[in-house]
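# Reading the structure
Here's the letter readout for the chains.
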Amino acid sequence: MSIAERLRAVRDGLPPGVGLVAVSKTHPVSAIQEAYDAGQRDFGESYAQELRDKAPLLPADIRWHFIGALQKNKLKYVAPWAYRVHGLTEVDQAVGLVKRAPGPVHGMVNVNVGDEGSKVGVPEVAVPDLLDRLAEVEGFVLCGLMCIPPFTEDPADAEPWFARLAALAARERARGHALPELSMGMSHDWEHAIRHGTRWVRVGTAIFGPREG
Ligand SMILES: *Cc1c(COP(=O)(O)O)cnc(C)c1O
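Read on for a plain summary of the structure. Just so you know, these numbers come straight off a predicted model, no measurement behind them.

Quick look at unusual backbone geometry now. A negative phi angle characterises most non-glycine residues, just as the trans form characterises most peptide bonds. The phi dihedral of Thr 26 falls on the positive side, at around 70 degrees, and the residue is not glycine. Relative to the elements of secondary structure, Thr 26 occurs in the loop between β1 (19-23) and α2 (29-37). Unlike most non-glycine residues, Asp 115 shows phi in positive territory, near 50 degrees. Considering the arrangement of structural elements, one finds Asp 115 in the loop between β5 (105-110) and α6 (127-134). A residue is classified by how much of its surface remains accessible, and Asp 115, at 58% relative accessible area, is exposed.

Structure below.
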């Protein structure tokens, strides 16, 4: 199947209101252009320098989602391009991005729902305080929450984790944070994430094929 065909297969499964972030990390500009020509406009990158290198070579109306970890010394590569940053874990990242961005910065907090030592992300207990502090950052728009749940052999088993993120967002909305967006679901489990009200699914392999390295 071509990139265009695989793209269509995913898009056909998305209900209205769910956006597809085509995760293009490690894939060449030519593959992104192919998806763009098939109508895709939202793309996700995980590595700051890769975003910096690829974005200028591609059409200006692409909306770049930065979905990787935000290292302090690389915020300058992300800030000029990011339509959304999905992986915030610290207030300083938002402050640093705002300083270097041409306009308001829109971001989501990465929640380590499974409390896994191997994963970047904020433990659930620390989320309320972080959201309160992010809400104070001028020029920063807090959009919502993101997660990468623990890997499960059966993708249906990821649903309790998606439900958990949705419940956390609901509790925080009750405390006054708007949090209009959730970002959850990847190639193997996006169909389960949409049942829990996600705004964005982040799909790479199912569109572009396996990554190298
Ligand atoms: C790489 C990546 C994805 C895409 O993963 P696939 O399994 O290839 O769909 C989604 N989200 C994040 C945060 C990633 O780093």
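For strand β6 (residues 140-146), the tally of buried residues reaches six of seven residues, placing the bulk of the element in the interior. In the sheet, β5 pairs with β6 via six bridges, with the strands oriented parallel. Note that in β6 the partner of Val 105 across the bridge is Phe 140. Read from β5 through α6 to β6, the crossover connection turns out right-handed. Across three bridges, β6 lies against strand β7 (residues 181-183) in parallel orientation. Looking across to β7, one finds that Met 146 is bridged to Ser 183.

Right, let's get into the site of the ligand. Around the ligand sit 13 residues in total, of which Lys 25, Ser 187, Gly 204, Thr 205 and Arg 211 are the nearest. Within the side chain of Arg 202, a nitrogen or oxygen atom sits 2.8 Å from a nitrogen atom of the ligand. For the ligand, whose accessible area on its own is 390 Å², the fraction buried by protein is 89%. A breakdown of the residues in the shell around the ligand according to their chemical character gives six nonpolar, four polar and three charged.

Before going further, it helps to examine the state of the cysteines. Simply put, disulfide is the name for a covalent bond between the sulfur atoms of two cysteines. Applying the stated criterion across every chain, the model contains zero disulfides. Just so you know, Cys 143 is unpaired, no disulfide at all, and the nearest cysteine sulfur is the one on Cys 147, 16 Å from it. In this structure Cys 143 comes out as buried when scored by relative accessible area, which is 4%. Overall, Cys 147 belongs to the buried group, its relative accessible area being 0%.

Listing the buried residues of helix α1 (residues 3-12) in full gives Ile 3, Leu 7 and Val 10. All buried residues of α1 lie within an arc of 65 degrees about the axis, which places them on one face of the element. Buried residues along α1 sit against β1, α2, α8 (190-193), β8 (200-203) and α9 (205-208).

Before going further, it helps to spend a moment on the side chain of Thr 89. Of note, Thr 89 is situated in the loop between β4 (82-88) and α5 (91-100). Relative accessible area serves as the criterion here: at 19%, Thr 89 is assigned to the buried category. If we skip the residues at most four places from it in the chain, Thr 89 touches Asn 110, Val 120, Gly 121, Val 122 and Leu 130.

So, about the pattern of salt bridges. Scanning the entire structure with this criterion turns up 13 salt bridges. Between Glu 45 and Lys 54 there is a salt bridge, and its shortest N-O distance comes to 2.8 Å. Here Glu 45 matches Lys 54 in class, with each residue buried. Note that Asp 53 and Arg 52 form a salt bridge whose closest N and O atoms lie 2.9 Å from each other. On the accessibility criterion, Asp 53 (43% relative accessible area) is partly exposed. Three or more residues joined by partner-sharing salt bridges are found here, namely Glu 45, Glu 50 and Lys 54.

How each quantity is defined
Residues numbered from 1 in each chain as written. Predicted model: local features only at pLDDT ≥ 70, side-chain atom pairs only at ≥ 80, totals over all residues. Heavy atoms only, no water. Helix = DSSP H or I, 4+ residues; strand = E, 2+ residues; numbered from the N terminus. Buried < 20%, exposed > 50% of the residue type's maximum accessible area, 1.4 Å probe, protein only. Pairing = 2+ DSSP bridges. Right-handed = clockwise from strand over helix to strand, strands pointing away. Near = heavy atom within 4 Å. Polar contact = N/O pair within 3.5 Å; in protein donor to acceptor, adjacent residues only side chain to side chain. Areas by Shrake-Rupley, 256 points an atom, 1.4 Å probe, with all protein chains shown as cover. Nonpolar A, V, L, I, M, F, W, Y, C, P; charged D, E, K, R; others polar. Disulfide = S-S within 2.5 Å. Arc of directions from axis to C-beta. Contact = heavy atoms within 4.5 Å. Salt bridge = Lys/Arg side-chain N within 4 Å of Asp/Glu carboxyl O.

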